[in-house]
Each structure stands twice: as C-alpha cells, then as structure tokens.
Amino acid sequence: MQRCGETRRSLAPPIRGCVSSRRGGLALPWSPRALVTDGGGSKRAAGSGTGGQTAAPMSRIRPLDMSRKQYQLLADALCKLTKRFNRHEVQCLMKVFSSLVDTFPEQRITVGLDRNKFRNVLHTSFGMTDDMIMDRVFRSFDKDNDGYVNMKEWIEGLSIFLRGTLDEKMKFCFDVFDLNGDGFISREEMFHMLKSSLVKQPTEEDPDEGVKDLVEIALKKLDHDRDNKVAYADFEKAVKDDNLLLEAFGPCLPDPRSALAFEEQAFKKSKDD
C-alpha cells in the first residue's frame, strides 16, 4: 500500500497493531453463513448437539466471545462479502471495531456503535463536523435500522466509504442527501442541508436568502429534467459530467488524506506481526 507522507488524523482510541491472537470464550455453533446473518431471524445451528440452540445474529456477536477458528471464519466471510479488503485488512478492521466497542462499556451488550459513538469516529478520524450529514452517514451504514452499526455494517460501509467505485459513491452520497428516503432530493432537503453546512456571518441580515440562491444554483446544475427535484438519474449524470458535484450538499465522504491516514493506522503491522 502506498504510504501517506503526512498523517493528519489518527484513530481514537489508539489502535494496537493488527496482531493475530488466540481468542478463548464461548464456543457458539456458528457456520460461515450464520456469521454474516444480520437480523432477519436467527438460524438453527447444524450439528450443535444442543437441540434448541440457535446461532447468534452478527449484531449480537462480540469478537472477544469467539474462538480463533470462529474469528477466522468470520473474517473470511466478510472478506468475500465486501471484496474491497483483503483478509488481513478485514481482520484489522474487525479489531478496530472491537477496540471502539470496548472503549464504550455501555455498548458491549448490543455489540455495535450507536449514533453518538459513530459520529465521534467520523469527527475524530475523518474530520467531519456537519451534524446533519453525520447523522445521514450513520443511517447509510446502519442498514438494518436498529440504531447501531454492527461489525458487518461497519466493514461493508467502510468498503464504499474508503474504496468504493464512483458508481458506489454516487449511490452512497445520493442516499445521504435524500433525507426522507423518497428517491428524490427536493428543494426543501437542499435548503436544510446547505443551511446546516454554512457558517452564518455576523453581518448577514437574512442568511436564508443566500441559502435559497444556492438551492437555485444547485437545481440548475443537477435537475436535468427541470421538475424542481433531483432524481438519482439527474444526480448521476451531473456527477459524471463534473465529479465535484458528488458532495454538492455537504462532505459525506472522507478526503483522500484522512482516508489514507485511517488506513495506515488501521492496517499497520506491529513489530510482533
């Protein structure tokens, strides 16, 4: 991996090197398929010998409760699922997640990062500051809408967040900007996002007027069919013509420097590795 000469930010808390270690604990009856089961009902474990015991959903599994074999099976399953990270990188991201969850003892039962803890990661590691955008990024990661980002959602989300294709990032950003999830970015949604992202100047008498002007400019650039709202087809065409419009309503992806700094910190090898 290419090294970044200057790391702007690092993870909080500090991440220990990605070192393989034996993990004792509960020997749950998992299979690779069950390891990536997310919500949607638990699956009965084959050959568990316990009769009625079922495999725990991903969102309820703690890395520290896994045996080494189970941990490796989970890493392999997530590696195949995301296709953006190799096995070593997936294991490191699992350890980052575990470190973040263990930092917040109240999160241990649910085994996930809630909105506030996830926003802290976005701010500390990627320099994000817009509350509305950070909330929307959280919702984009939290695919099952249970109020927590679990390990599977964490790695799947980061695969697009850090290494997604332009098409994947366009879909991600559009979903972030589509505040009510109706498949369009409306005038009202544009107004709220732009107003949230702008810093009010002391000399401004009516800052809303300036925001309304920006909405009109955005519509001219993005609304190709002139129906006063932006569908995904409009957004896709505009961004492919001008990539700078990808984050037209606020920064919802990491800049290249902070993304590289995150990867360097997360994937670095310790002296013992």
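Right above here is the structure, for reference.
Bear in mind the structure is a predicted one, so any value in this text is a computation, not a measurement.

Criteria and cut-off values
- Residues numbered from 1 in each chain as written.
- Predicted model: local features only at pLDDT ≥ 70, side-chain atom pairs only at ≥ 80, totals over all residues.
- Heavy atoms only, no water.
- Core = buried A, V, L, I, M, F, W, Y, C linked by side-chain atoms within 4.5 Å.
- Buried < 20%, exposed > 50% of the residue type's maximum accessible area, 1.4 Å probe, protein only.
- Helix = DSSP H or I, 4+ residues; strand = E, 2+ residues; numbered from the N terminus.
- Contact = heavy atoms within 4.5 Å.
- Phe/Tyr/Trp six-rings, centres within 6.5 Å; stacked < 30°, edge-to-face > 60°.
- Lys NZ or Arg CZ within 6 Å of the ring centre and 35° of its normal.

Engineer: Quick rundown of the nonpolar core? Include the residues and the values.
Structural biologist: Counting 61 residues, the largest nonpolar core has Val 137, Trp 154, Phe 161 and Phe 177 as its most contacted members. Per-element accounting of this core gives the leading share, 8 residues, to helix H3 (residues 87–103). Setting aside its immediate chain neighbours within four residues, Val 137 contacts Phe 118, Leu 122, Phe 161, Phe 172, Val 176 and Cys 252.

Engineer: Explain the environment of Ala 266 to me, and be specific about the residues and the numbers.
Structural biologist: When you line up the elements, Ala 266 lands in helix H11 (residues 256–267). Given a relative accessible area of 2%, Ala 266 falls into the buried group.

Engineer: An account of the packing of aromatic side chains is requested, with residue identities and associated values reported.
Structural biologist: Inspection of every chain in the model, using the stated rule, returns 13 aromatic pairs. Each ring, one from Phe 85 and one from Phe 267, has its centre 6.1 Å from the other, and the planes form 65°; the classification is edge-to-face. You can see Phe 85 sitting in the loop between helix H2 (68–82) and H3 and its partner Phe 267 sitting in helix H11, a full 182 residues away along the chain. Since its relative accessible area comes to 3%, Phe 85 is described here as buried. Its relative accessible area of 8% is what places Phe 267 among the buried residues. Grouping aromatic residues by their ring pairs yields a cluster made of Phe 118, Phe 126, Phe 138, Phe 141, Phe 161, Phe 172 and Phe 262. For Lys 229, the ring lying beneath its charged end belongs to Phe 184, and the centroid distance is 4.0 Å.

None of the figures reported here should be taken as evidence of function without further support.
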